[in-house]
Amino acid sequence: MIIKNGEVFQEDGSFQVKDIYVENHKIVASQEEVTDKTVVDAEGLLVLPGLVDIHSHGAYGHDFSDADGEGLKKILKYERSCGITSYCPTSMTLPEAELEKIFATLKEAAGTEGGAVIRGINMEGPFLDPKKKGAHVEEYIRKPSAEFFRRLNTSCGNMVKLVTLAPNVEEAMEFIDEVHDEVCISLGHTGADYETASEAMKRGAHHVTHLYNAMMPLAHRDPGLIGAASDDPECMVELICDGLHIHPCVVRATFRIFGSERVILISDSMMATGMANGTYQLGGQEVTVKDRKATLSDGTIAGSATNLYDCMRKAVSFGIPLAQAVFAATRNPAKSIGIYDRVGSLSAGKEADILLTTKELELKQVI
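Read on for an overview of the structure. Computed from a predicted model, the values in this text were never measured in an experiment.

Scanning the protein chain from N- to C-terminus turns up 10 helices and 21 strands. A compact globule built from 367 residues would reach a C-alpha radius of gyration of about 21 Å, and the protein chain, at 20 Å, matches this within 12%. C-alpha extents for the protein chain along the principal axes are approximately 60 × 45 × 40 Å. The 367 residues of the protein chain split such that 57% are buried. Contacts in the protein chain between residues far apart in sequence, at least 24 positions, make up 70% of those at least 6 positions apart. Averaging the locations of the 36 positively and 53 negatively charged side chains of the protein chain gives two centres separated by 3 Å.

All told, the structure shown has 0 disulfides when counted by the stated rule. Free of any disulfide, C88 has its nearest neighbouring cysteine sulfur in C184, separated by 10 Å. Residue class for C88 comes out buried when judged on its relative accessible area of 1%. C235 forms no disulfide, and the closest cysteine sulfur to it belongs to C184, at a distance of 8.8 Å. Judged by relative accessible area, C235 falls into the buried class, the value being 0%.

Those residues of helix α7 (residues 248-258) lying buried are V251, T254, F255 and F258. The buried residues of α7 occupy an angular sector of 95 degrees when the element is viewed end-on, so they sit on one face. Directly after α7, the chain includes G259, whose backbone phi takes a positive value near 75 degrees.

In spatial order, the strands read β17-β18-β19; together these 3 strands make up an open sheet with antiparallel pairing. With one partner strand each, in any of the chains shown, β17 (278-282) and β19 (293-295) form the two edges of the open sheet. On average, each strand axis in the sheet is tilted by 35 degrees relative to the strand beside it, whichever way the strands run. In the sheet, strand β18 (residues 285-290) pairs with β19 via 3 bridges, with the strands oriented antiparallel. Within β19, the position partnered with K290 by the bridge is K293.

Ranked by size, the top nonpolar core spans 78 residues in total, and within it F103, M123, F175, I185, V208, L265 and M312 carry the most contacts. Not counting residues up to four positions away in its chain, the partners in contact with I185 are V163, L165, F175, I176, V179, H180, A205, H206 and H207.

In this section: unusual backbone geometry. Residues other than glycine predominantly adopt negative phi, and peptide bonds predominantly adopt the trans conformation. Omega for the bond connecting G125 with P126 falls within 30 degrees of zero, at 15 degrees, which places this linkage in the cis form. Relative to the helices and strands, P126 is located in the loop between β11 (121-123) and α3 (146-155). For H25, which is not glycine, the phi dihedral falls at a positive 60 degrees. Looking at H25, the relative accessible area reads 35%, which means it is partly exposed. Unlike most non-glycine residues, A67 shows phi in positive territory, near 60 degrees. Note on placement: A67 falls in the loop between β8 (62-63) and α1 (69-81).

Aromatic rings in a pair are described by how distant their centres are and how their planes are angled relative to each other. All chains considered together, the criterion is met by 7 aromatic pairs. A ring pair is formed by F64 and F103, whose centres lie 6.2 Å apart and whose planes are at 5 degrees; its orientation type is stacked. You can see F64 sitting in the loop between β8 and α1 and its partner F103 sitting in helix α2 (residues 96-109), a full 39 residues away along the chain. Both residues of the pair, F64 and F103, count as buried. With a centroid separation of 6.2 Å and 80 degrees between ring planes, the pair formed by F149 and F175 is classed as edge-to-face. Of this pair, F149 sits in helix α3 while F175 sits in helix α4 (residues 172-179), and the two are 26 residues apart along the sequence. A connected cluster of aromatic rings, assembled from ring pairs, spans F127, F148, F149 and F175. The cationic tip of R331 hangs over the ring face of F327; the distance from NZ or CZ to the ring centre is 3.7 Å.

Criteria and thresholds
Sequence order as written defines residue numbering, which begins from 1 separately in each chain. Confidence filtering applies because this is a predicted model: local features only for residues at pLDDT of at least 70, side-chain atom pairs given and counted only at 80 or more, and all residues used for totals across whole chains, interfaces and linings. To obtain the side-chain values, all non-hydrogen atoms of the structure were used and water was disregarded. The numbering of helices and of strands both runs from the N terminus, where a helix is a DSSP run of H or I of at least 4 residues and a strand a run of E of at least 2. Both definitions apply: the radius of gyration is a C-alpha atom measure, and the globule rule equals 2.2 Å times residues to the power 0.38. A simple rule labels every residue: compare its accessible area, found with a 1.4 Å probe on the protein chains alone, to the largest value its type can have, and call it buried under 20%, exposed over 50%, or partly exposed in between. Residues are treated as being in contact if the distance between any of their heavy atoms lies within 4.5 Å. In summary, the charge assignment counts Lys and Arg as positive and Asp and Glu as negative, without counting His or the chain termini. To locate a charge, the coordinates of NZ of Lys, CZ of Arg, CG of Asp or CD of Glu are taken. Throughout, disulfides are identified as pairs of cysteine sulfur atoms within 2.5 Å of each other. This arc is built from the directions going out from the helix axis to the C-beta atoms. The pairing criterion for strands is at least two bridges between them, as found by DSSP. Angles run from 0 to 180 degrees between N-to-C directions of axes, and those axes are lines fitted to C-alpha atoms, restricted for helices to the stretch in contact. Residues belong to one nonpolar core when they are buried, are Ala, Val, Leu, Ile, Met, Phe, Trp, Tyr or Cys, and are joined through side-chain atoms within 4.5 Å. For this analysis, a ring pair means two rings from Phe, Tyr or Trp (six-membered ring only for Trp) whose centres lie within 6.5 Å, classed as stacked if their planes differ by under 30 degrees, edge-to-face if by over 60, and tilted for the remaining angles. Charge-over-ring contacts are defined here by two conditions on Lys NZ or Arg CZ: a distance within 6 Å of the ring centre and an angle within 35 degrees of the ring normal.

Structure, rendered in structure tokens:
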């Protein structure tokens, strides 16, 4: 396949009118390497890398935590139809036996035709701070345990790429010391102060789960986890940009503070994404969704009902430069879980996960 005349997003954030050559779903350097000479005319369109969502619980009426392989396949097909070509299904805080069943569904859904590719599992919980549990069930929260994590990771073929940890709970620092070279440790769902969060980062935790949500706010005398993350040049931060979780002003400020290389846009989507208003489930709890706002019975925001592509478009509408928004939905998440050698940009040798969009970011084709 040859994609001609499109404005192709470059690794430096610029756009260049050039052709892309695809062979066996890989981007190759020259036309001579292409056996299928089918031409796709992208004149007047932007050519973007497929998006990478590393934090999503579900969509289209299904949840990863349902432990339903057929349901996961439907999630993957929905995601790809929305321009998300790489995906990390995300678990909730549940007992070990249930998590094992949930993680086992990856084998059933692997290679779903017409679906996003599963790049790993995001294990959000159960190592959380009960005081900042959000939509997680407190009954199943437990102390961090390397053995617990390794059992689950082994059961799914070492597919866990991210694990959320509250650094202020007992045995958290020991967990970081032991496994930070095995998995990306993300700090979140925590009441940790600045000093505790900074210590966790020095020990090897360089990621933050949905910045601002389920943590102490940034205050001028008590900067907390947010301040610690801004001080750690290695730390990448997730941002739910659905227009409900975070005010547009704070979205803009976050990109100014963390720059174009450390912000990761996520959806944190739940099963109501792509569905009508109504009542749904998240981690065994009832969630009411109205006009894309998902809440528990006590009013707690419970994930989002927006996919990552719409989050990226929302960021641009808030005034984030297009290149920064694209990096935050492609390159940055790919780097955070160690897959940037395969996806996240449109360079030769990488997988041909390609989006064709209008200048207004209307999605026209997913290749």
